[in-house]
Amino acid sequence: MAVRGHVNGMAGSYVIGWAVTASGAGSCDISILNEDGAIVVTGTAQRHRPDLVSLGMGRTDFAFRIPVTLGAERRQWRVLADGVELRGSPLHTGPKLYDNDCTISNGRFSGWVTERLAAFEPPWITVQDQHGAVVGEARAVPAEPDDPLYGPAHFLIDLQDRCFGCGELRLRLFANGVKFAERHLTLRLEGNLDSLTDESYSGWLVSPDAPARAFAFDVFQNGVLAGSGKCATPREDVRGLYPGCLTPGFALTLRKPEHLITDTTAVSFRFRGGTFELFKGPYVVGSRPAMVLAAQRAAQVSHSDIVGLSVAERAVLQVALRDFMETTRRGNGFVATQQEAWPTEVPAGPRLTILIPVYRGVAATRDCIQSVLAHRNAATDQVVLINDAAPEPEMAPMLNGFVNAPNVFLLANKQNLGFVKTINRGLSFALGGDVLLLNADTVLFAGGLDEMCRVAGAAGVGTVTALSNNATIFSYPHVALRAAALDDIDWSQLAQTALAENAGLAIDVPTGHGFCLLIKGAVLRRVGLMDEGFGRGYGEENDFCTRAANLGYRNVVAAGVLVVHRESTSFEDEREGLLARNLPRLEAAYPEYSAVVRSFEQQDGLRRGRWALDKARLKKAVTAGQKFVLLVTNTLEGGTPKAVQEIEAAAGDTAAPRLHLRCLENGFIELAGATPSLKAIFAPHEMDPLFDMLAAAAPGRVVVHQLLGFPAVFIERMEAWAPTVHSIYYAHDFYPLCPRVTMVNAIGQFCDVADSATCIRCVELGGSHPNSRLTALTPAAHRALFAGALRGFRHVVAPSESARSYLRRVFPDLPVQAIGHPELSQNIAAAPRTGTDDEIVLLGAIGVDKGSGKLLELAGRARLSHPALRFRIIGYTDMDAQLLALGNIQITGKYTAAELPELVAQTHGRLALFLQSWPETYSYTLSEAARFGFIPMVPDIGAPAERVRAAGYGVVFPFPVIAAEVLQLLDDIAAARVPVLVPGATPGALYPSQDVVQRTINLLKNDTKPLEDTASEATGF
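An account of the accompanying structure is given in this report. Positions within a chain are numbered from 1, following the residues in the order the chain's sequence is written. Local features in a predicted model are, by the rule used here, given only for residues with pLDDT of at least 70; side-chain atom pairs are given and counted only at 80 or more, and totals for whole chains, interfaces and linings are based on all residues. With hydrogens and water set aside, each side-chain value is computed from the structure's full complement of heavy atoms.

## Considering the nonpolar core
Moving on, step 1. With 61 residues, the main nonpolar core has Leu630, Val632, Leu671, Leu690, Leu707, Phe714 and Phe811 as its most contacted residues.
Moving on, step 2. The contact criterion used is simple: two residues touch if any of their non-hydrogen atoms lie within 4.5 Å. Filtering out sequence-adjacent residues up to four positions away, Val632 remains in contact with Leu661, Val702, Val703, Val704, His705, Gln706, Leu707, Phe710 and Phe714.
Moving on, step 3. Each nonpolar core is a collection of buried residues, namely Ala, Val, Leu, Ile, Met, Phe, Trp, Tyr and Cys, held together in the definition by side-chain atoms within 4.5 Å. Only protein chains enter the accessibility calculation, which uses a 1.4 Å probe. A residue is then buried if its area is under 20% of the maximum for its type, exposed if over 50%, and partly exposed in between. Ranked by size, the runner-up nonpolar core spans 57 residues in total, among them Ile354, Cys368, Ile369 and Val509.

Next comes the structure, spelled out in structure tokens:
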């Protein structure tokens, strides 16, 4: 581009900007064109502008300031420099288009503003903070123009005191309601309360960003305005720290309250109209005897058995109180930071005030109000509807239709205040009794309000939240299964079930949820209103609940109450933006908040409240004739998930709903299903409710694919429970006999079913499997636990004769059937793959048990003796860097099933090498290799060797693997001295026969326990 430049805007009737040639040496000719493309005015970019020095051109005389004729209508102008249109062009003029130049200094905005009109009235200027609050305003004043084409209106606006000390601000300036500027800044506030008694206070307050400013504030005693203070006294010591401050000091005598020696006074300092507490207050002031006595009484309570504190919690409380008393005794009096205390007098009022803020959704709001009026007690419960300037014209008439109902009040905001301010208006209106915050997109059911009030009456309860279909962590069936409707039951029926089964059940939660949040009146008087800093909403109830918890109040869920919530009707598309703005604010105030909520969610802290509903729905399904299939597994990767999929596909009874019982990584157990939709969570010690749930489901078939990760108590319960159902145990690994699962010992060698003493030493040296939760058991106790559990199963199945033989060596009296996995046809190669023997393929995840260490040795030897040999790993290893460093190994990385065909197509070899160090029970990786026609080379151990021999497809070499022998075998294969398959063998021979599929079907359908050993049965290969 031959020209650089930009149109900055206008100053009065002047178009201003800059333009310069690419070299920076020449001056540009400026042309301004109208809508018709005609040049109306020209000029040259050669004015001096000091700010252009930042462009680094070595000069600052390439600005332009060219007048155009303004009118009352909107017009468009194109600005060209040497015939090139500049950035910022086209430019528009007309009404409500403003230009400005403003700065902020000493807490005030100053500058000028012009409107792109031939003549304009000086506008009213307002400054709003990021929450939409006006923090400054003034009428701009016309200046006597020196230039008839430039007649700006000047303004000077002091920001309100509450802008200081409240953190980073995003201030927007508006001219007659039109935004024309935005500034980001922080107005710091420093100060100290030098002295504070119940009669007087003194100190200083200054802003380093506006040191000459004299602040004024209000003082409250016990929540009542007691006076006002103002910084009006010089302080030389403060001036030394903050040059330029004039009168930062203050001192005031308060009205002395009548009190006894044990009385205390709560003192609070705030800027007028603000919620920010100055001097890190509020404070409670009392004599030394009063404070010590109060702390001693609190310490006595900490020893009471009814407190229910853990040993650690008692210790924290007692040490804190002891330190408090020691500090108090060393002083003449005491001042302590404390949450605000409102007046203790409670005005007479209703039992419950139900606040419903209204903005959008006429139909949903009508449904909500009707449900409340249908199920509240009109004599004791008042309803306050607050119309927050709803934009829908039908809303106001609809709300007016309810004002004649008894104990119903309608408040209307003249302008939209947003959720938080609207709620605060309602809280102020309802000051006194308990308050229920209720979103207008909810529906209540019979008995719900009474139950919430009963739960709220429990000791220490501060807030109560209901369960819902759609309310984050409070959702049913689960936070991950929020739904507008359930297929098997309607919400009103489920609400009655909750009320019947969970009456009185209160579960402590880290925070409440504002969709349906009951707040005790006492808590409101202590904590105060919602923090309006949260703007239009999201996060304000979490802040409130945390402040309540800081004062010792419990946030709980009433598990007997279910409330339908459509969610976000009022906010519509604003939700994500509000969350993005408010969550950082919440986390900044309470750094522990997110971690505590995440921990609660990971452990499904509301699981006890959901169990009764889950059980009722399962029983309902069984009564309706559903016959569940229960699949027991864990969440680990590997071949088991594929085996489950294949076995279930072979069963063919897709109409029977599946329940999945999984052990999660955190040790909790999850029972999940799609029909009905549920996700029930149980802690490792909660076996009674878990088996109660299983009894409610009454599964017609139970297939256990994994017990790794389950606690010992669960496995013990299986011994008694498995015989009562059609139960099948699939031995996908050797966890029943080996705490390390694979029989690979702590030094990486196959132990071949070590004796108990050796097993003890192995576990001591290398530990059990990382996911095992049986580490408290000795290896002998581990095996004994499984011996008992496996005896209870109707069928115990190993996927290979090899796996069966190892199980029988440890459990000789256990009937074990050897049945291969019923892999279904999946485009298996018709013939063996052709290609070079100089490229050897390895598939999958190659870890220690899959021979990654042996591969390192093998490839290292090949570098010396077989320089042409290359290894391609389609997958990844646990030592990628070391293997790649050899130079004769290529690693593709982790792949998806969809990516595998393309990765295979890139290979040139025909042989697939396996180096496992344990007797795999089946090996789907072997099947994958055969599917693409690779000829497998497997060590003589476990199911892979058994399958290759039976199929006559591939090569079996001695185990343990010796690198030199493998390289010799490759030479022999290349020289045709060793055959790689029997004549006529195809890759499909490695796949199961139809007999295997039929035996699997018979197994799943047959509820009869085998009477004798089935060792003679073939695996079907």
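## Description of the packing of helix H8 (residues 491-501) against helix H13 (residues 607-623)
Two packed helices can be described by the angle between their axes and the distance between those axes.
Moving on, step 1. Fitted lines through C-alpha atoms give the axes, limited to the stretch in contact for helices. The angle between two N-to-C directions lies from 0 to 180 degrees. The numbering of helices and of strands both runs from the N terminus, where a helix is a DSSP run of H or I of at least 4 residues and a strand a run of E of at least 2. Axis separation between H8 and H13 bottoms out at 9 Å; the angle between their running directions is 120°. Looking at the two axes, H8 sits oblique to H13. The handedness of the crossing between H8 and H13 comes out as right-handed. Here Leu494, Thr497, Ala498 and Glu501 of H8 lie close against H13, whose contacting residues are Ala612, Leu613, Ala616 and Arg617. Here roughly perpendicular refers to angles of 65 to 115 degrees, roughly parallel to angles under 35, roughly antiparallel to angles over 145, and oblique to all remaining angles. Note on convention: near helix rotated counterclockwise from far helix by under a right angle means a left-handed crossing. Clockwise means right-handed.

## A few points about the pairing of strand E37 (residues 677-682)
On a regular strand, each side chain points to the face opposite its neighbour's, so the side chains alternate between the two faces of the sheet.
Moving on, step 1. Summarising burial for E37: five of the six residues are buried, a large majority.
Moving on, step 2. Strand pairing is assigned whenever DSSP identifies at least 2 bridges connecting the two strands. Pairing of strand E36 (residues 669-674) with E37, which is carried by six bridges, proceeds in the antiparallel orientation. Across the sheet, the residue bridging to Ile669 is Phe682, located in E37.
Moving on, step 3. Hairpin connection between E36 and E37: a loop of two residues separates the two successive antiparallel strands.

## Quick word on the side chain of Thr365
Moving on, step 1. Summarising the element assignment, Thr365 is placed in helix H4 (residues 362-375).
Moving on, step 2. Since its relative accessible area comes to 1%, Thr365 is described here as buried.
Moving on, step 3. Sequence-distant contacts of Thr365, defined by excluding residues within four places in its chain, comprise Val358, Arg360, Met395, Met398, Leu399 and Ala440.

## A short note on the pattern of salt bridges
Moving on, step 1. A pair is scored as a salt bridge if a Lys or Arg side-chain nitrogen falls within 4 Å of a carboxyl oxygen belonging to Asp or Glu. This model, assessed by the stated rule, comprises 42 salt bridges.
Moving on, step 2. Residues Glu920 and Lys850 are paired through a salt bridge, measuring 2.8 Å at the closest nitrogen-oxygen approach. Pair noted here: Glu920 is in the loop between strand E45 (909-913) and helix H23 (924-931) and Lys850 is in the loop between strand E42 (836-846) and helix H20 (852-865), with a separation of 70 residues, a long-range link.
Moving on, step 3. Salt bridges here are not isolated pairs; linked through shared partners, they connect Asp194, Arg235 and Asp237.

## Focus: the environment of Ala818
Moving on, step 1. On the secondary structure map, Ala818 appears in strand E41 (residues 817-818).
Moving on, step 2. Look at Ala818 and you get buried, because its relative accessible area is 0%.

## What to know about the packing of aromatic side chains
We describe a pair of aromatic rings using the distance from one ring centre to the other and the angle between the two ring planes.
Moving on, step 1. Aromatic pairs are defined between Phe, Tyr and Trp rings, using the six-membered ring for Trp, whenever the two ring centres lie within 6.5 Å; interplanar angles under 30 degrees are classed as stacked, those over 60 as edge-to-face, and all others as tilted. Tallied over the entire structure, the rule returns 25 aromatic pairs.
Moving on, step 2. Geometrically, the ring pair formed by Tyr201 and Phe250 is tilted, given 5.7 Å between the ring centres and 55° between the ring planes. Taken together, the positions of Tyr201 in strand E18 (residues 200-206) and Phe250 in strand E21 (residues 249-253) put the pair 49 residues apart, joining distant regions of the chain. Accessibility assignment for this pair places Tyr201 and Phe250 in one class, buried.
Moving on, step 3. Between Phe217 and Phe250 the ring centres are 5.1 Å apart and the planes differ by 75°, which places this aromatic pair in the edge-to-face class. Note that Phe217 is positioned in strand E19 (residues 216-221) and Phe250 in strand E21, a separation of 33 residues in sequence.
Moving on, step 4. Look at Phe217 and you get buried, because its relative accessible area is 1%.
Moving on, step 5. Aromatic rings pair up to connect Tyr201, Phe217, Phe250, Phe269 and Phe279 into one cluster.
Moving on, step 6. Lying over the aromatic face of Phe220, Arg270 brings its terminal NZ or CZ to 5.6 Å of the ring centre.
Moving on, step 7. The criterion is that NZ of a Lys, or CZ of an Arg, lies within 6 Å of the ring centre and within 35 degrees of the ring normal, and then a charge sits over that ring. The cationic tip of Arg947 hangs over the ring face of Tyr922; the distance from NZ or CZ to the ring centre is 4.1 Å.

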